[in-house]
Amino acid sequence: KQWYQRRVRGGLMDNLCCCSECAKSCHAGHDCKLKKLSHTAYCDCWVNGPCKALVAGDQEVRMSLFKQLLKDTNFSEQHNDKHEPLLFNLLQTVIRQMHELRKAQSAPSFRTREVRRDSNAPPTNLDPPKFCSEALKILLADYRAVKSMLYEGCIDKNNSSSSKGTFSRNMTVLSSEEQRACLQKQSGTAKLDCFTYYLVTKCSAEMLQVLIGTLKSCSARDKEAMLLTERFIRSVIRVFIVLSLQVATPAKKKSVHIPSSKCDQVFRSLPHASIRLLAESANAIITPVRYGVSRPCALIPLVNTTKEAIENSNEFFSIPHTQRR
């Protein structure tokens, strides 16, 4: 678990520290430093003032206001100060809260008993946060929010689908400058792939099924939704390739890995677009080899489990999104 200490002019504040949830809420904008030795740390945020993480509030009123904003405004299409769509930002929040909850449940209980002896200590038996998780389900079922997320990085929103293999046949006859110009005109997928990676590897299958249901219901009657569906499927294919290339083939057949089964869930739920896009992706991968223009690349270290592959891929899919790719 990650713990932080706040910096002051004279150095760090005594031995007080806070968890990553409080660092992003109560201490947002403060100069906080990651604590090196954190195996004995616990959150002291409530000591110096009211802790936002311990204020549950009226969840029904909060959810009612959230739904009203989605209905009457373009709130679902807004971006934060990091230029991240609301759906992407909320997904990261849910993942962080799930991580904090797992760590808190596995922590030794003597810390809890020690805090309860203090009469000024806040209640430690609060329910796990549920609002962000419920809000994420609502946004995944909201077409405008999904559209804003899947169009992220797309230059030409009227034609977001990839070219029908024209680059694979013609790129070899272009100069380096012409190839670079063609690549710069292509849409970026950094945030979309990161969103898909988080959804496939760190969220439940229920969340993914909600998004699939939204795309299926809209793509049946809307051409634009079909383009969004294809863009999402191509992102799932890229994530699947990155994860599957790292896992060594086991000698004996084992159970299906969860991320692979979630990718398979997308392909089976959206078969009409998936069959064509899987074939096009396979052709795009083998085309450089067929034309003899593939370049040597660094060997990917093989691992034995999907868990290790996910850990290796976290850094790849968590790159800064300042540059579009």
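The shown structure was predicted, so the numbers you read here are calculated from the model rather than taken from an experiment. (Residues numbered from 1 in each chain as written. Predicted model: local features only at pLDDT ≥ 70, side-chain atom pairs only at ≥ 80, totals over all residues. Heavy atoms only, no water.)

Asker: Quick question: what am I supposed to make of the overall build of the chain here?
Answerer: When you go through the chain residue by residue, the secondary structure sums to 15 helices and four strands. Here the chain holds 325 residues, and the buried ones make up 34% of them. Long-range contacts, defined as pairs at least 24 residues apart, comprise 79% of the intrachain contacts of the chain with a sequence gap of at least 6. Accessible surface, the chain as shown: approximately 20400 Å² in total, 54% of it carbon and sulfur. (Helix = DSSP H or I, 4+ residues; strand = E, 2+ residues; numbered from the N terminus. Buried < 20%, exposed > 50% of the residue type's maximum accessible area, 1.4 Å probe, protein only. Contact = heavy atoms within 4.5 Å. Areas by Shrake-Rupley, 256 points an atom, 1.4 Å probe, with all protein chains shown as cover.)

Asker: I keep staring at the environment of Glu77 and nothing clicks. Help me out?
Answerer: Mapped onto the secondary structure, Glu77 falls in the loop between α3 (59-72) and α4 (86-106). Note: C-alpha distance between Glu77 and Leu87 (10 residues apart in sequence) is 8.5 Å. Look past the residues within four positions of Glu77 in its chain and what remains in contact with it is Arg144 and Ser148.

Asker: How should I be thinking about the confidence of the model for the chain in this particular structure?
Answerer: The predicted coordinates ought not to be read in detail in places where the model reports low pLDDT. Residues of the chain with pLDDT of at least 70 account for 69%, and the chain-wide mean is 76. Under a pLDDT of 50 for its full length, residues 161-172 has, in the predicted model, 15 contacts with residues more than four places off or in other chains. Note that residues 321-325 has pLDDT below 50 and, in this model, 17 contacts with residues that lie over four places away or in other chains. (pLDDT = per-residue confidence, 0-100.)

Asker: Could you clarify how one ought to interpret unusual backbone geometry in this entry?
Answerer: Trans is the common state for peptide bonds, and a negative phi is the common state for residues other than glycine. Although it is not a glycine, His83 adopts a positive phi angle of roughly 60°. Residue position: His83 is located in the loop between α3 and α4. When its relative accessible area of 56% is taken as the criterion, His83 is described as exposed.

Asker: Is there a simple way to explain the pattern of salt bridges in this structure?
Answerer: Pairing between side chains becomes possible if they bear opposite charge and their charged atoms approach one another. Enumeration according to the criterion identifies seven salt bridges in this entry. For Glu224, the salt bridge identified is with Lys147, shortest N-O distance 3.3 Å. One end of the pair, Glu224, is in helix α12 (residues 223-246); the other, Lys147, is in helix α7 (residues 143-150), and 77 residues separate them in sequence. By relative accessible area, which is 24% here, Glu224 ends up partly exposed. Close ionic contact of Lys191 with Glu152 constitutes a salt bridge, the shortest N to O distance being 3.6 Å. Of this pair, Lys191 sits in helix α10 (residues 190-201) while Glu152 sits in the loop between α7 and α8 (166-170), placing them 39 residues apart in sequence. Exposure class is identical for Lys191 and Glu152. Each is buried. Each member of the salt-bridge network shares a partner with another, and the members are Glu230, Arg276 and Glu280. (Salt bridge = Lys/Arg side-chain N within 4 Å of Asp/Glu carboxyl O.)

Asker: So what exactly am I meant to see when it comes to helix α6 (residues 131-140) here?
Answerer: What sets the pattern is the α-helix's 3.6 residues per turn: residues three or four places apart point alike. Turning to α6, its buried residues are Phe131, Cys132, Ala135, Leu136, Leu139 and Leu140. Angular distribution of buried residues about the axis of α6 spans 160°; they occupy a single face of the element. (Arc of directions from axis to C-beta.)

Asker: When you look at the side chain of Lys262 in this model, what are you seeing that I'm missing?
Answerer: Mapped onto the elements of the fold, Lys262 is located in helix α13 (residues 258-269). The buried charged residue Lys262 lacks any salt bridge partner; its closest oppositely charged side chain belongs to Glu206, at an N-O distance of 11 Å. A distance of 3.3 Å separates the side chain of Lys262 from the backbone oxygen of Val200, its partner in a polar contact. (Lys, Arg positive; Asp, Glu negative; His and termini not counted. Polar contact = N/O pair within 3.5 Å; in protein donor to acceptor, adjacent residues only side chain to side chain.)

Asker: Honestly, the packing of α12 against helix α14 (residues 271-291) in this entry has me stumped. Any pointers?
Answerer: Here α12 crosses α14 at 50°, and the two axes come no closer than 10 Å. The angle between α12 and α14 falls in the class oblique. In this structure, α12 meets α14 at a crossing whose hand is right-handed. Of the residues in α14, those touching α12 at Met226, Glu230, Ile233, Arg234, Ile237 and Ile241 are Ala273, Ser274, Arg276, Leu277, Leu278, Ser281 and Ile285. For the contact of α12 with α14, a count of residues per class yields eight nonpolar, two polar and three charged. (Axes fitted to C-alpha atoms, helices over the stretch in contact; angles between N-to-C directions. Parallel < 35°, antiparallel > 145°, perpendicular 65-115°, else oblique. Left-handed = near helix turned anticlockwise from the far one by under 90°. Nonpolar A, V, L, I, M, F, W, Y, C, P; charged D, E, K, R; others polar.)

Asker: Where do I start with the packing of aromatic side chains in this structure?
Answerer: When we look at a pair of aromatic rings, we describe it by the centre distance and by the angle of the planes. For the coordinates displayed, the defined rule picks out six aromatic pairs. Each ring, one from Tyr197 and one from Phe317, has its centre 4.3 Å from the other, and the planes form 10°; the classification is stacked. With Tyr197 in helix α10 and Phe317 in helix α15 (residues 306-317), this pair connects stretches of sequence that are 120 residues apart. Judged by its relative accessible area of 0%, Tyr197 is buried. With a centroid separation of 6.4 Å and 85° between ring planes, the pair formed by Phe240 and Phe267 is classed as edge-to-face. Linking Phe240 in helix α12 with Phe267 in helix α13, this pair joins segments that are 27 residues apart in sequence. Residue Phe240 is classed as partly exposed on the basis of its relative accessible area, which comes to 31%. Accessibility expressed as a relative area gives 12% for Phe267, which makes it buried. (Phe/Tyr/Trp six-rings, centres within 6.5 Å; stacked < 30°, edge-to-face > 60°.)

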